[in-house]
Amino acid sequence: MTLAIVLSSALLALVLVLALVLPSINSPTVPFGVRVPATHADDPAVAKQTRIYRRRVLISGILAAALGVALYGVTGETLLLPLSVLVLVGVWYGCFFLANHEIRTAKAAGGWYEGLHQGIAVDTGLRTDPPRFPWLWLLPAVILTAATVVIGVLSYPSMPGILTVNHGAKGTADRFAVKSVSTAFSLVFVQLGVTGLLAGIAAAIVHGRPDLDPARPAASARWHRRYTSLSAKALLGLAAMIDLGMLGSSALMWTGTTTPWAPLVIVLPVLTAVAVAVVVLARNNREQDEGEHDTGLTHRDDDRYWRGGLFYANREDHALLVPRRFGLGWTLNFANPRAAMLLAGIVALVGLLLTLRFER
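Residues numbered from 1 in each chain as written. Predicted model: local features only at pLDDT ≥ 70, side-chain atom pairs only at ≥ 80, totals over all residues. Heavy atoms only, no water.

J.: Outline the environment of Val91, supporting the account with residue identities and numerical values.
T.: Along the polypeptide, Val91 turns up in helix H3 (residues 83-110). Val91 sits in the partly exposed class, given a relative accessible area of 33%. (Helix = DSSP H or I, 4+ residues; strand = E, 2+ residues; numbered from the N terminus. Buried < 20%, exposed > 50% of the residue type's maximum accessible area, 1.4 Å probe, protein only.)

And the structure:
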């Protein structure tokens, strides 16, 4: 019980802090997903919406925490505690869309792009000398997956005939399955799927299309190389920590161990990896002003390709992944057919997990 409360509270706090600080670490020329000229980055309309957004998110976080406590007090069910996090995420994006709409309206009414020279910057060096995939960062995930396979093969003869395939929020065993290769090694399939998926996304990021600032293209290109490398390493680090959690969970299943701390075996490594990735990417999410001469150009106004400032859909752009406008990292080009294939692969991976994990 105490463990579930602590984990839910920590996750709620992480989401709340992230929601509050994102406006400060995102590019000032895309406040709340709206492309604006640098001369209007500090416009009173932007500053006002930032204050309103933070106030709304903070109040929502307090109310979401109160909702979680109230539900637990009435039902005593710890599984309802994460509901407060889901409520906060939903309200968070609602606050974002409201700010996005108001800034778009102010931008259109004020004619912020009138008389400006819009342009696109291209770094040909990214084709002749593209960022390199960080293969060494993939090695820990591969080693952990291989270790899980070896330990599982050696332990299979001594495994109990009935395996515990799930632990509840209190760490108690609540789902069982007859021992079989598919059941005993179900989490190995998850490791393979997660490692392959995240490695593929990391490769797509490394070779993805940059969004260079035409006002300072050289400095922007240097920042892009650093940020793509960090993003790829963060994803591969996350894959390794997920695989570590799968190894620990498999060990509990294979030995028939039941402990109140069972949920931590998976949750703690994943939360640690996510927290580290957020901190690292947040500290490097803005381009540094390296004193480059301003070309006098500004980003083209491409808001029409961004639905609500979050979802990118451009059939003319062949890139699968593009830099996010709000948040950290990258997002899909939903007009690219490969995006549908990637999402289908994720659904298939989840379906495979459920099939193998809960097979009777």
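J.: Describe the packing of helix H5 (residues 135-155) against helix H8 (residues 217-255), listing the residues and the values that go with them.
T.: Between H5 and H8, whose axes approach to 7 Å, the crossing angle comes to 15 degrees. Considered as vectors, H5 and H8 are oriented roughly parallel to each other. By crossing handedness, the relation of H5 to H8 is classed as left-handed. Contacts from Trp137, Leu138, Pro140, Ala141, Leu144, Thr145, Thr148, Ile151 and Gly152 in H5 reach Lys233, Leu236, Ala239, Ala240, Asp243, Leu244, Leu247, Ser250 and Trp254 in H8. A class-by-class count of the residues in the contact of H5 with H8 yields 12 nonpolar, 4 polar and 2 charged. (Axes fitted to C-alpha atoms, helices over the stretch in contact; angles between N-to-C directions. Parallel < 35°, antiparallel > 145°, perpendicular 65-115°, else oblique. Left-handed = near helix turned anticlockwise from the far one by under 90°. Contact = heavy atoms within 4.5 Å. Nonpolar A, V, L, I, M, F, W, Y, C, P; charged D, E, K, R; others polar.)

J.: For H3, give the residues involved together with the corresponding values.
T.: For an α-helix the count is 3.6 residues per turn, leaving residues at separations of three or four pointing the same way. Across its 28 residues, H3 extends 41 Å between first and last C-alpha, which sits within 8% of the 40 Å expected from 1.5 Å per residue. Along H3, the residues that are buried comprise Ser84, Val85, Leu88, Trp92, Cys95, Phe96, Ala99, Asn100, Ile103 and Lys107. Gly111, located one to two residues past H3, shows a positive phi value of around 60 degrees. (Expected span 1.5 Å × (residues − 1).)

J.: I'd like a description of helix H9 (residues 262-283), backed by residues and values.
T.: Between its terminal C-alpha atoms H9 stretches 33 Å, which fits the 32 Å expected from 22 residues at 1.5 Å a residue. At Leu268, H9 shows its maximal kink, close to 25 degrees; a proline, Pro269, follows between one and four residues later. Burial in H9 covers these residues: Ala262, Pro263, Leu264, Pro269, Ala273, Ala277, Val278 and Leu281. (Bend = angle between axes of the 7 residues up to and from the residue.)

J.: Could you give an account of the pattern of salt bridges, naming the residues involved and the relevant values?
T.: Evaluation of the coordinates by the stated rule reveals 6 salt bridges. Linking Asp211 and Arg35 is a salt bridge whose minimum nitrogen-to-oxygen distance equals 3.0 Å. Here Asp211 is found in the loop between helix H7 (186-206) and H8, whereas its partner Arg35 is found in the loop between helix H1 (2-25) and helix H2 (44-75), with 176 residues between them in sequence. Since its relative accessible area comes to 31%, Asp211 is described here as partly exposed. Where Asp303 meets Arg325, a salt bridge forms, and the shortest distance between an N and an O atom there is 2.6 Å. Of this pair, Asp303 sits in the loop between strand S4 (298-299) and strand S5 (306-307) while Arg325 sits in the loop between strand S7 (321-323) and strand S8 (330-332), and the two are 22 residues apart along the sequence. Here Asp303 matches Arg325 in class, with each residue buried. (Salt bridge = Lys/Arg side-chain N within 4 Å of Asp/Glu carboxyl O.)

J.: Explain the nonpolar core to me, and be specific about the residues and the numbers.
T.: Membership of the largest hydrophobic core comes to 56 residues, with the highest contact counts inside it found for Tyr53, Trp92 and Phe326. Sort the elements by how many residues they give to this core and H8 lands first, with 11 residues. Each residue touching Tyr53, except ones within four places of it in the same chain, is listed here: Ala19, Pro23, Phe32, Trp92, Cys95, Phe96 and Phe326. In this structure, Val165, Ala177, Ala184 and Trp254 belong to the second largest nonpolar core, which totals 9 residues. (Core = buried A, V, L, I, M, F, W, Y, C linked by side-chain atoms within 4.5 Å.)

J.: So what's going on with the side chain of Thr298? Which residues, and what values?
T.: Mapped onto the fold, Thr298 is located in strand S4. When sequence neighbours within four positions are dropped, the list of residues in contact with Thr298 reads Pro37, Ala38, Tyr113, Leu116, His117, Gln118, Gly119 and Pro214.

J.: Go over a positive patch on the surface, please, and point to the residues and values.
T.: Side chains of Lys48, Arg51, Arg55 and Arg56 sit close together on the surface and give a patch of like positive charge. In this fold, Arg55 is placed in helix H2. (Patch = residues over 30% accessible without salt bridge, like charges linked within 9 Å, V, L, I, M, F, W, Y side chains within 5 Å. Areas by Shrake-Rupley, 256 points an atom, 1.4 Å probe, with all protein chains shown as cover. Lys, Arg positive; Asp, Glu negative; His and termini not counted. Charge placed at Lys NZ, Arg CZ, Asp CG, Glu CD.)

J.: Hey, could you go over the packing of aromatic side chains for me, with residue numbers and the actual values?
T.: Under the counting rule described, the total for this entry stands at 14 aromatic pairs. Ring centres 5.0 Å apart and planes at 15 degrees place the aromatic pair Trp223 and Tyr227 in the stacked group. You can see Trp223 and its partner Tyr227 sitting in helix H8, 4 residues apart, about one turn around the helix. Overall, the relative accessible area of 4% leaves Tyr227 in the buried class. Members of the aromatic cluster, joined through ring pairs, are Phe32, Tyr53, Phe96, Phe97 and Phe326. (Phe/Tyr/Trp six-rings, centres within 6.5 Å; stacked < 30°, edge-to-face > 60°.)

J.: Which residues make up a nonpolar patch on the surface, and what are the values?
T.: A cluster of nonpolar side chains, Phe97, Phe311, Phe334, Leu343, Ile346 and Val350, forms an exposed patch at the surface whose accessible area comes to about 490 Å². Ranked by the residues each element gives to the nonpolar patch, the list is headed by helix H10 (residues 337-357), at 3 residues. Tracing the chain through its elements places Phe97 in helix H3. A relative accessible area of 33% places Phe97 in the partly exposed class.

J.: Residue-level account of the side chain of His224, with values.
T.: With respect to the helices and strands, the residue His224 is situated in helix H8. Given the relative accessible area of 3%, His224 is considered buried. Beyond its immediate chain neighbours, meaning those up to four positions away, His224 contacts Leu126, Gly208, Pro210, Leu212 and Trp330.

Geometric values such as these leave the question of function open.
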